[in-house]
Amino acid sequence: REAYKMAWLSQRQLARSCLDLNTISQSPGWAQTQLAEVTITCKVNHQGGSVQLPESDITVHVPQGHVAVGEFQEVSLRAFLDPPHMLNHDLSCTVSPLLEIMLGNLNTMEALLLEMKIGAEVRKDPFSQVMTEMVCLHSLGKEGPFKVLSNCYIYKDTIQVKLIDLSQVMYLVVAAQAKALQSPVATIWDYIHKTTSIGIYGPKYIHPSFTVVLTVCGHNYMPGQLTISDIKKGGKNVSPVGFQLWGKQSFLLDKPQDLSVSVVSCDPDFEVKTEGERKEIKQNQLEAGEVVHQQFLFSLVEHREMHLFDFCVQVEPPNGEPVAQFSVTTPDPTPNLKRLSNLPGYLQKKEEIKSAPLSPKMLVKYPTFQDKTLNFTNYGVTLKAVLRQSKIDYFLEYFKGDTIALLGEGKVKAIGQSKVKEWYIGVLRGKIGLVHCKNVKVISKEQVMFMSDSVFTTRNLLEQIALPLKKLTYIYSVVLTLVSEKVYDWKVLADVLGYSHLSLEDFHQLQADKESEKVSYVIKKLKEDCHTDRNTRKFLYELIVALLKMDCQWLVARLIQEAAILTSAVKLGKGWRELAEKLVRLTKQQMEAYEIPHRGNTGDVAVEMMWKPAYDFLYTWSAHYGNNYREVLQDLQSALDRMKNPVTKHWRELTGTLVLVNTLEILRVTAFSTSEDV
């Protein structure tokens, strides 16, 4: 099995799209969809700027002087369609998505300003004006508790909120709240004009048989791509997939009530499955502010020619006039199979959609990596000697009385020779590695009597912590997409990678006009060069080292997590079931649900394909952590260590990755500091 695995990985080294072409030919509508989560991350300097969530009316304005000269603020925005349920009842209803704001720098001097459109207006009658208030609610957790912010200004359907008390992670949502209900008023809906929005989502290309998802929510935000987790195929649930927004419509609903949604094809060449032409949206779903998904299955009539077409959507209450009626045009049919083979494939489970500011050059200036000496503040004196007969990668060996420089006070949990222990990350005789916490006495810098390492620089640190990346596998299309969208200056990337000879004339010949296309060209050149000299050069290692020299740590963290999860899935194989039981106690039926999409003609998942359900599970599990990549990798390490025959006893790269992610901040603080004494 190991020989087969190594041969398989070697054969896929140039372009690991992980795309099953047989699956595509049998079910093209499913193979080309991908999970999507709409986020944006922008880096803003002391001159300020604005960060807007793509395809939305949600913007965070960063004023001039928000951070000191030479510093940057990193702003990340993400919107959740589903509002907190506790905020929707008779006296309150949410009128915006739940917005997550993440900040990279809390050393600020000016407040931020949030501006977004809301999905309701208070009615003009005096009673409604007195009894109703639009409020912006703030919380440090996604599930609350929420408190009302006072610095708000509302004009028509737009709210502006001054964010003074900043945190690294903040959650905000706008709600209409009633002070009291007096007959004949029954709910908060009687005081406001409430907007309800419908989004029509489908695959990137249409096929002889495809699914359209109609999404209903109580505000006016509809993302350009949407993850749907309850898709059914052949009566069975499949892994979550992503759909593109085909069209949307908003309408006013006087009161929450049952609604009927019907979809009819306007083209005789296509039809909607009879049992799915009409769907129901319940009153209690609207009152609770739930996001409702309804699926409609389209199919080509007999063997007619594929082409784009229109279909009509109608929403109506029982025995009443339609409240919304509109038509939607589908995208073009799928390209031929040869072109499909170049797509990222279903393994690109999550794609961040980035929208750079209008003048990214003005807002993003990449700092220069400086080879500086690390200034350690904590040290450890070893209490015993540890010399292993069988060397273990990423673990230190030492004599009794050695003084080890510690990279912070944080601890890593990992299996050693046989048991799971807690470890410090340290430097001894020019090597970075783990040392058992119980084997050292921590002392201060002033207590150090003798050190064998007089100088250890940021370049030494970077070269060593990135070593596990040489042995991690990855999905090339995911790496290409993420880096192309997250790097705003192709020239800086090219210079760091050693391609300083590239000029704009090279791109004119390639007809590459957009910045992302130029970045993509640089990445592809690196990939080709590493493949040519694959015995000595490793693509992922060189790329991430370059990104760290550009201070792209959020992007690096994302790439590392993706690669660690994929490599773990490949190493696990059929052992993923044991891991799933330890992590989330999956039932046998839930495990089978992950394996069903990957079963072959025999009805079983082939041994060499078992990494696919393993990856699907690990991706879904890791998504619950949000941006807490350190916790994802630590919990994954701990779960793998607890298995009956831990793969981590022989495969140490995940442990090396933990060392990497736990030293990123030290690298950043030292290598990009503007002061001489770090």
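Residues numbered from 1 in each chain as written. Predicted model: local features only at pLDDT ≥ 70, side-chain atom pairs only at ≥ 80, totals over all residues. Heavy atoms only, no water.

## Concerning helix α13 (residues 539–549)
Our working definition: Three exposure classes are used, based on accessible area relative to the maximum for each residue type with a 1.4 Å probe and protein chains only: buried under 20%, partly exposed in between, and exposed over 50%. Here a helix means four or more residues in a row that DSSP labels H or I, a strand means two or more in a row labelled E, and each is numbered from the N terminus.
For α13, the buried fraction is high: 9 of the 11 residues fall into the buried class. Looking only at α13, the buried set comprises F539, L540, Y541, L543, I544, V545, A546, L547 and L548. After α13 finishes, the residue D551 shows a positive phi value of roughly 65 degrees.

## Concerning the sheet that holds strand β28 (residues 378–382)
As a reminder, the rule being used: Between any two strands, at least two bridges found by DSSP are needed for them to pair. Note on geometry: axes are C-alpha line fits, over the in-contact stretch for helices, and angles between N-to-C directions span 0 to 180 degrees.
Within the open sheet, the 5 strands sit side by side as β31-β30-β29-β28-β32. Their pairing is antiparallel. Only two strands of the sheet have a single neighbouring strand rather than two, namely β31 (431–436) and β32 (440–444). On average, adjacent strands in this sheet sit at an angle of 45 degrees to one another, irrespective of strand direction. Alignment of strand β30 (residues 420–428) against β31, held across 6 bridges, turns out to be antiparallel. Along β31, the bridge assignment pairs V427 with I432.

## Some details on the packing of helix α9 (residues 476–486) against helix α14 (residues 553–572)
Between two packed helices, both the angle of their axes relative to each other and the distance between the axes serve to describe the pair. Stated precisely, the cut-off is as follows: By definition in this entry, angles of less than 35 degrees are roughly parallel, angles greater than 145 are roughly antiparallel, angles of 65 to 115 are roughly perpendicular, and the rest are oblique. When checking whether two residues touch, look at their non-hydrogen atoms; a contact exists if any pair is within 4.5 Å. Each residue is assigned to one class: nonpolar for Ala, Val, Leu, Ile, Met, Phe, Trp, Tyr, Cys and Pro, charged for Asp, Glu, Lys and Arg, and polar for all the others, Gly among them.
One can describe the packing of α9 onto α14 by two numbers: an axis separation of 11 Å at closest approach and a directional angle of 170 degrees. Relative to α14, α9 is oriented roughly antiparallel. Here V479, L482, V483 and K486 of α9 come into contact with α14, specifically with L555, R558 and L559. Tallied by class, the residues present in the contact of α9 with α14 amount to 5 nonpolar, no polar and 2 charged.

## Concerning the confidence of the model for the protein
For the record, the criterion: The predictor rates its confidence in each residue with pLDDT, a number between 0 and 100.
Mean pLDDT over the protein stands at 83; residues scoring 70 or higher make up 85%. Within the protein, the element-level pLDDT minimum falls on helix α6 (residues 337–340), averaging 32, and the maximum on α13, averaging 95. Ignoring residues within four places in sequence, the model shows residues 4–8, a span with pLDDT below 50, making 5 contacts including any to other chains. The model gives residues 336–363 a pLDDT under 50, and that stretch makes 91 contacts with residues more than four places away or in other chains.

## Comments concerning helix α16 (residues 588–595)
To be explicit about the condition: In this description, the arc belongs to the directions extending from the helix axis to the C-beta atoms.
Of all the positions in α16, only M591, Y594 and E595 are classed as buried. Down the axis of α16, the buried side of the element spans an arc of 100 degrees, and every buried residue falls inside it. Its buried side turned inward, α16 meets α15 (576–584) and α17 (611–623).

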